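# Descriptive structure summary
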Amino acid sequence: MGWYGRVRALVMKEFLALLRSKASRTVLIVPPLVQLIVFSFAATFNLQHVPVVIYDQDQGGASRELIARFAGSRYFSIEKMLASSQHIARMISDKEALLAIRIGPRFSQDLALHRSARVAVLVDGRNSNTALVALGDVNAVIQSFDNRWAATHGWHAAPAVLVERAWFNPDLRSRWFIVPGIVGLLTLVVALLVTGLSVAREREAGTFDQLLVTPLAPWEILVGKAFPGFLIGTLEATLIILVAVFGFGVPFVGSIWALYLGLLLFLLAAIGVGLAISSASATQQQGLLGVFLFMVPAVILSGFATPIANMPRAVQYLTYLNPLRYFLIILRGVFLEGDGIAILWTQYVPLIFIGLVTMTIATFLFRHRLT
Amino acid sequence: MNGERLLALMRKEMLQIVRDPSSIAIAFVMPLFLLLLFGYGVSLDARHVPIALVASHPTPQTSAFFAGFQGSPYFNPRLYPDMPLARRALMGRDVDGIVWLRADFSRGTLQGAAAPVSVIVNGVNANNARIIEGYVQGVWASWLATQAQRRGSPLILPVDVRSRVWFNPALRSHDYLVPGLIAVIMTLIGALLTALVVAREWERGTMEALMASPATMAEILVGKLIPYFLLGMGGMGITLVLAMGLFSVPLVGSFWVLVLCSALFLMTALGMGLLISTIAKNQFVAGMIALVATYLPAFILSGFIFDIHSMPWPIRAVTHLIAARYFVSILQTLFLAGDVWPVIARNSGALVLIAAFFLALVARISRKRLD
Amino acid sequence: MAAGAPLLEVHDVRKTFRAAKEVITAVSDVSFTVPAGAITGLLGPDGAGKTTLMRLCAGLLLPDSGRVVALGFDSRQAAYRIQQSVGYMPQRFGLYEDLTVQENLDLFADLNGVARALRPARYADLLRLTGLGPFGKRLARDLSGGMKQKLGLACTLVRPPRLLVLDEPTVGVDPISRRELWAIVSDLVSGSGTGILVSTAYLDEAERCQNVLLVHRGKVLDQGPPGDFRARMAGRSFFATGAGASGRAIQASLAGHGEFVDAVVQRDGVRVVLRPDAPMPVLPGIAFTPVPPRFEDAFVERLREAAPGPAGAMASMVPAQGGPQDGSPEVMIEVHDLRRLFGSFEAVRGISFRVHRGQIFGLLGANGAGKTTTFRMLCGLLPPSSGTLTVAGVDVRSAAAAARARMGYMSQKFSLYGDLSVAQNLAFFSAAYGLRGARRAQRLRWAAEVFELDPFWDINTTELALGFKQRLALACALIHEPRILFLDEPTSGVDPLARREFWGRINALAEQGVTIMVTTHFMEEAEYCDELVLMSLGSILAAGPPAQIRARAKTEAMPDPTMDDAFIALIAAHEAQTRRAS
């Protein structure tokens, strides 16, 4: 039982080293929470208050009805009603408006005659995703106008209509998708902050040599260094999950055991990567560079903001090395889809594998780093 | 300011850059790596979306409807015999959506009644779900048109929407993501390059030697700024060439305006890095701040992926402090829309203010004294 | 400024720093002057405020009250002019490690506005003076510690300053480089009449100064020419010898006697200083011969008066359990044909030696001689390229953990966890060595008492003065009662008093049978060793007891060489021979 006392002492020491100084306490706790809140509010693909200008050439009853539908929608905010088309181009290119809607001069007349009435929509395509979403929102408003008009004015119905439903997220709120993603992102950042520089820092201070001359075996050092990451990572993730569920109202329909099993395995992998980077670095600067070089692609290639399915095949293969990829699937599965352990085991296995490989590398490098 | 001393300091900095592979790596290898990764990894355009097609009572009419999916580049359709199987496929993430034609579809369409077509998408990734819905609507609309043509009576909807997308008619997300990426990458590089350089001089004791020499603080700071500025512009050049060459993003605006605005933006990034470095005086803290303050804010709060209009106002207010926000706006305009002076003037004005603020702050807090 | 006026005047200067919520007074009521054409030395223990004073003189800090006037400029009004005209070399001179020797020189020549026409001659002078001529194209990071210091000095001297401020220029530098640095400094004074203010931890260097300031706790304790200090001690310094007894044994028998202010092992005897007006005690078998007083005697006496501590540090050593009669083997360390390669560079070239139980074994050598590499291999921190290495009877390569449990290690950086308190550091290391329960509690109490750490028990170690850090590092290395103790430059940068106390403890440990392996730059400390190995360029140059090594350097011109002389003579001869051969 000699190892137990040694490891416990090492764990205690790591906690003290992390939490005794005010600066590092602050860095560990404040930024993740602030970022969760700021980013959760900021990161949404749903549009609101899109600035629109409308040029109504018709000025009839039907056009006013259409405009009222735009005015009543929370997606749009009508910046200006234009009296001529001459400023439309300038307002779009100056970014004063994202959309311009022109209602043709015979709009009311055409509708009265059961003819299709012309509406032209001009959209700023500089951000193509925003443009696409905005066009979808315009179509939704016009469709609801169409349906109402057809029903009340005795038009023929189309031979088939689409009845759309979205499972797991009926209103298609992208926040529900993004917030679990941010939980994963911040857990990764915390795990890397705790472990990414810990060995490099001790190497620079010379205390790592001091550790190596004690009877502590490399695996004992590994356990001692990894444990605080697990504990702090689990606690912070719990806090972030609570804020996500109770603060942002993200539904939580799956199994809590599946989530925590996933969290622990993800921490195993992330801490392994952090310790491997840290023990491969001679200086903190190298450690920091390594953390950056891992973290930036890990976020991009995780499916956090852009789906992995949209990536080219070669890049998709690369994502299999990324622990965050698996954890995001677990998070979203558990939060929104009600997944349990039985469905998610294919995500757990790669995390275990990544964790074991990186931890083995870290353990080897403790003693064998080339000097 | 003494020219000879300034030159000497710049020469020293240049030699250090050349001899330290890590700054070269940050300036040239990292942009290359990141751009390739982002360029190939980040795309919001869904292609080959796996979709389940279910016809409860297969007929020639249902086959005609499904034909539209089979020919589309957006879909990778799979036929399922019944709904329970399709549902299971959706749950298991084998498909992203289901299109279900009920038993009465054929009868409905032949009789001219509005036959409902059920579309179920996995709403977990709300943005993707919305894009998929849009594609389904496209297939449906073209089916409606062919049906109407066959019957010889053109289909009439009350409102005929003609939409046009300016600046990016094909709505290629690459064309707006890649210019935006340039801002994210340069934030990272600018800050990383300079965040450590002043802190390093303090840590290695070289700052004390410089202070005891006749060089003024202004000379020391400018002597740092210019070499890293040139290095950063080199990195920027590589990024631009790659963006235009590899990802064939068109540059509509003028090249020199782009260079000028890039230079302005680089000054803000370097200014921020110098500030972090000057405040922290040690590489560990400087690195931590750079890690937290650069990458994620530039990624999420710059309007690069998430639309700023749609954020709540307190978050919108925060985005005004992020230099990348202005640069993303300039880049998207210059690349896709051209030299729109009001947009460029407004945003570059903001960049000048931010750069001046950072540099003035650095000059104010760096005194040639040790206490 | 009138001719003949002092170059630097410090009047009633006071400087405080704010740390956390406390105000720390670093310097108070200090006044002195530095004249042209002379060396003024600043001496004092760690934390006395020497570096603060140096920075005040260089215009890098402003005094809270009082005035600093350098070359006619008051630092309050014209700090920038002082920075422009005073030559200042900080303690760790900031050389740009990625730049070559020549590029570093060019940078400082440009910064100091040295005219291009004057440069070739100036460079030639400096390179000749420093012996750096052949290394112009070498990167500064590849220079040895001594060469770095010389280059730092050369950079400070590119534009010959009238006033030169040097902060511990010789710390961590081997004796040869130290002599060379002093030669350069003396040259400046005699050649161009420069005024020099220098701080140092080596007391023998005080003898080279024209005027000495003794600083303690931020105040000037005493000042005057070193000769005056010596004169005060006249008739009180003796050399104690005993027939057949070792220096250490004599020192131990003198320990209990309050008549002595100081007792230091030297060659085959002990150098003692008698208290003023104390009668010479009569001790059987020990003969006292009067010797001329040194500056160090006065220094120790003045500091002991200012800070009365425990009478004899060595007396407070509690005997360890077990003692020498346990079953550990007679030969504790055996090294045979040990080699280490870094790439194609052979840092250690097949060395062999043995260390017996209870010995103090010294590993000496110039910077870059391969000492540190050897040391790291002995501790199991670096695998050897070839050769065998047995520590306490076990092969370090195969049974590393078993070997490590029996040894203690103290590195030159006093590697402790800065954010942890003294108690937490001790608790951690005791548990890491597997101590538990009552025994652990007992060892922690032992550390607190013997090393007098009680007052600092809950203080973070970053806030400890260097001397206390060293004590705590030693306590951590001894907490598990190792059979072998490895000390890597254990007294680097530590003041003479702390050094004496430290060696007191080490001697007591050796008496109890602990084997001690030590590297050091202080040649006087080599005298404490039973056996020495002198390394140069990766191989062993000389081995044996100190007296034997000194004897090898005996010549007509040097009939009674000190260890310093021997070291320099032997290494210079070896290096010259190797260079000729290659």
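Everything numeric here is computed off the predicted structure, so don't read it as measured data. (Residues numbered from 1 in each chain as written. Chains lettered and ligands numbered in written order. Predicted model: local features only at pLDDT ≥ 70, side-chain atom pairs only at ≥ 80, totals over all residues. Heavy atoms only, no water.)

Quick look at the overall build of chain C now. Helix and strand content of chain C: 18 helices and 24 strands. Its C-alpha atoms give chain C a radius of gyration of 25 Å, near enough to 25 Å, the size a compact globule of 582 residues would have. On the principal axes, the C-alpha backbone points of chain C span a range of 75 × 60 × 55 Å. Per-residue burial for chain C yields a buried fraction of 57% across its 582 residues. Across chain C, contacts joining residues at least 24 apart in sequence account for 69% of those joining residues at least 6 apart. Taking the 63 positively charged and 60 negatively charged side chains of chain C as two groups, their mean positions are separated by 4 Å. (Helix = DSSP H or I, 4+ residues; strand = E, 2+ residues; numbered from the N terminus. Rg over C-alpha atoms; globule rule 2.2 N^0.38 Å. Buried < 20%, exposed > 50% of the residue type's maximum accessible area, 1.4 Å probe, protein only. Contact = heavy atoms within 4.5 Å. Lys, Arg positive; Asp, Glu negative; His and termini not counted. Charge placed at Lys NZ, Arg CZ, Asp CG, Glu CD.)

In this assembly, 103 residues from chain B lie in contact with 105 residues from chain A. Of the roughly 9500 Å² buried between chain B and chain A on both sides combined, carbon and sulfur atoms contribute 68%. Run the count over chain B and chain A and you get one salt bridge. One salt bridge connects B:Arg130 with A:Asp137, and the closest N-O pair in it is separated by 3.6 Å. On the surface where chain B and chain A come into contact, there are three residue pairs in polar contact (both at pLDDT 80 or more). Of the residues forming the side of chain B that touches chain A, the biggest block, 13 residues, is contributed by helix H6 (residues 126-151) of chain B. Looking at side-chain class alone, the side of chain B that touches chain A contains 65 nonpolar, 24 polar and 14 charged residues. (Buried area = accessible area lost by both parts, 1.4 Å probe. Salt bridge = Lys/Arg side-chain N within 4 Å of Asp/Glu carboxyl O. Polar contact = N/O pair within 3.5 Å; in protein donor to acceptor, adjacent residues only side chain to side chain. Nonpolar A, V, L, I, M, F, W, Y, C, P; charged D, E, K, R; others polar.)

The subject of this paragraph is the pattern of salt bridges. Counted according to the given criterion, the structure contains 55 salt bridges over all chains. With a shortest N-O distance of 2.5 Å, B:Arg11 and C:Asp110 are connected by a salt bridge. Taken as a pair, B:Arg11 in helix H1 (residues 3-19) and C:Asp110 in helix H3 (residues 101-111) lie in two separate chains rather than in one. Here C:Arg354 makes a salt bridge to C:Glu334, at a shortest N to O gap of 2.9 Å. Residue C:Arg354 is found in strand S16 (residues 345-356), and its partner C:Glu334 is found in strand S15 (residues 331-342); the two are separated by 20 residues along the sequence. Relative accessible area serves as the criterion here: at 30%, C:Glu334 is assigned to the partly exposed category. A cluster of three or more residues bridged by salt bridges with shared partners is formed by C:Asp262, C:Arg271, C:Arg294, C:Glu296, C:Asp297 and C:Arg500.

A few words now on the interface of chain C and chain B. At the interface, 30 residues of chain C touch 27 residues of chain B. Between chain C and chain B the total buried area reaches about 2700 Å² when both faces are included, carbon and sulfur atoms providing 57% of it. If you sort the residues of chain C by the area they bury against chain B, C:Leu60, C:Tyr96 and C:Leu111 come out on top, with a joint share of 25%. Its salt-bridge partner being B:Glu4, residue C:Arg119 comes within 3.4 Å of it at the nearest N-O pair. There are 11 residue pairs in polar contact (both at pLDDT 80 or more) connecting chain C and chain B. Put simply, the parts of the chain that give the side of chain C that touches chain B at least two residues each are strand S1 (8-19), helix H2 (75-85) and H3 of chain C. In terms of residue count, the dominant contributor to the side of chain C that touches chain B is H3(C) (five residues). Classifying every residue of the side of chain C that touches chain B by side-chain character gives 16 nonpolar, six polar and eight charged.

Counting across every chain of the model gives 34 aromatic pairs over all chains. Centroid distance A:Phe41 to A:Phe248: 5.1 Å. Interplanar angle 65°. Geometry classified as edge-to-face. Here A:Phe41, found in helix H2 (residues 22-42), pairs with A:Phe248, found in the loop between helix H10 (218-247) and helix H11 (256-280); they are 207 residues apart in sequence, far enough to count as distant. Residue class for A:Phe41 comes out partly exposed when judged on its relative accessible area of 30%. For A:Phe248, a relative accessible area of 15% translates into the label buried. Where B:Phe105 meets B:Trp143, the ring centres are 5.8 Å apart and the plane angle is 40°; that geometry is what we call tilted. Here B:Phe105, found in helix H5 (residues 105-111), pairs with B:Trp143, found in helix H6; they are 38 residues apart in sequence, far enough to count as distant. (Phe/Tyr/Trp six-rings, centres within 6.5 Å; stacked < 30°, edge-to-face > 60°.)

Before going further, it helps to spend a moment on the sheet that holds strand S5 (residues 159-166) of chain B. With mixed pairing, five strands are arranged side by side in an open sheet as S2(A)-S1(A)-S3(A)-S4(A)-S5(B). Strands with a single pairing partner mark the edges of an open sheet, and in this sheet they are strand S2 (76-82) of chain A together with S5 of chain B. For this sheet, the mean inter-axis angle between neighbouring strands, taken without regard to orientation, is 25°. Alignment of strand S1 (residues 50-56) of chain A against S2(A), held across six bridges, turns out to be parallel. In the strand pairing of S2(A), A:Val50 is matched with A:Phe76. Where helix H3 (residues 61-72) of chain A meets the sheet, its contacts fall on S1, S2, strand S3 (99-103) and strand S4 (117-124) of chain A, and the angle it forms with S2(A) comes to roughly 140°. Packing of helix H6 (residues 128-152) of chain A onto the sheet brings it into contact with S2, S3 and S4 of chain A together with S5 of chain B, and relative to S5(B) it is tilted by some 170°. (Pairing = 2+ DSSP bridges. Axes fitted to C-alpha atoms, helices over the stretch in contact; angles between N-to-C directions.)

The next subject is helix H2 (residues 21-41) of chain B. Along H2(B), the sharpest change in direction is near 40° and occurs at B:Val29; proline B:Pro31 comes one to four residues later. When H2(B) is considered as a whole, its buried residues turn out to be B:Ser22, B:Ser23, B:Ile26, B:Ala27, B:Met30, B:Pro31, B:Leu34, B:Leu35, B:Leu37, B:Phe38, B:Gly39 and B:Gly41. On the buried face of H2(B), the contacting elements are helix H12 (284-300) and helix H13 (313-319) of chain A together with H1, helix H7 (173-195), helix H10 (217-245) and helix H13 (295-300) of chain B. (Bend = angle between axes of the 7 residues up to and from the residue.)

Quick look at unusual backbone geometry now. The residue A:His49 is not glycine, and still its phi comes out positive at about 50°. Looking at where A:His49 falls in the secondary structure, it is placed in the loop between H2 and S1. On the basis of relative accessibility, which here comes to 41%, the residue A:His49 falls in the partly exposed class. Positive phi outside glycine occurs at C:Leu71, with the angle close to 50°. Mapped onto the elements of the fold, C:Leu71 is located in the loop between strand S4 (65-70) and strand S5 (73-74). Taking relative accessible area as the criterion, C:Leu71 reaches 8% and is therefore assigned buried.

Our focus in this paragraph is the sheet that holds strand S22 (residues 515-519) of chain C. Residues and elements named next belong to chain C. Spatially, S20-S21-S22-S17-S23-S24 is the arrangement adopted by the six strands of the open sheet, whose pairing is mixed. With partners counted over all chains shown, the strands left at the sheet margins are strand S20 (407-410) and strand S24 (539-544), one partner each. Sheet twist, expressed as the mean angle between neighbouring strand axes with direction ignored, is 15°. Bridging between strand S17 (residues 360-365) and strand S23 (residues 531-536) involves five bridges; their strand directions are parallel. Paired with Phe361 across the strands is Glu531, a residue of S23.

It is worth spelling out the domain arrangement of chain C at this point. Residue and element names in this part refer to chain C. For chain C, the assigned domains read domain 1 (8-228) and domain 2 (230-308). For domain 1 and domain 2, the distance between their C-alpha centroids amounts to 34 Å. Contact between domain 1 and domain 2 buries roughly 1300 Å² in total, counting both sides, with carbon and sulfur atoms accounting for 61%. The tally of links between domain 1 and domain 2 comes to three salt bridges. Between Arg302 and Asp222 there is a salt bridge whose closest N-O contact spans 3.0 Å. Joining domain 1 to domain 2, the criterion identifies 11 residue pairs in polar contact (both at pLDDT 80 or more). Elements represented by at least two residues in the side of domain 1 that touches domain 2 include exactly strand S9 (211-216), strand S10 (219-224) and helix H7 (226-232). (Domains from an automatic or database assignment.)

This part is about the environment of A:Glu164. Looking at where A:Glu164 falls in the secondary structure, it is placed in strand S5 (residues 160-167). With relative accessibility at 29%, the residue A:Glu164 sits in the partly exposed group. Between the C-alpha atoms of A:Glu164 and A:Leu289, which are 125 residues apart in sequence, the distance is 47 Å. The residues contacting A:Glu164, other than those within four sequence positions of it, are B:Val119, B:Glu133 and B:Gln137.

It is worth spelling out the domain arrangement of chain B at this point. Domains assigned within chain B are domain 1 (3-42 + 172-365) and domain 2 (49-151). A separation of 48 Å is found between the C-alpha centroids of domain 1 of chain B and domain 2 of chain B.

With that settled, the discussion passes to the pairing of S17(C). Side chains on a regular strand alternate between the two faces of the sheet. All names here are of chain C. Most of S17 sits out of view: six of its six residues are buried. Here S17 shows no split at all, with Ile360, Gly362 and Leu364 on one side and Phe361, Leu363 and Gly365 on the other all buried. Sheet analysis places S17 next to S22, joined by four bridges and oriented parallel. Pairing of Gly362 across the sheet is with Val518, part of S22.

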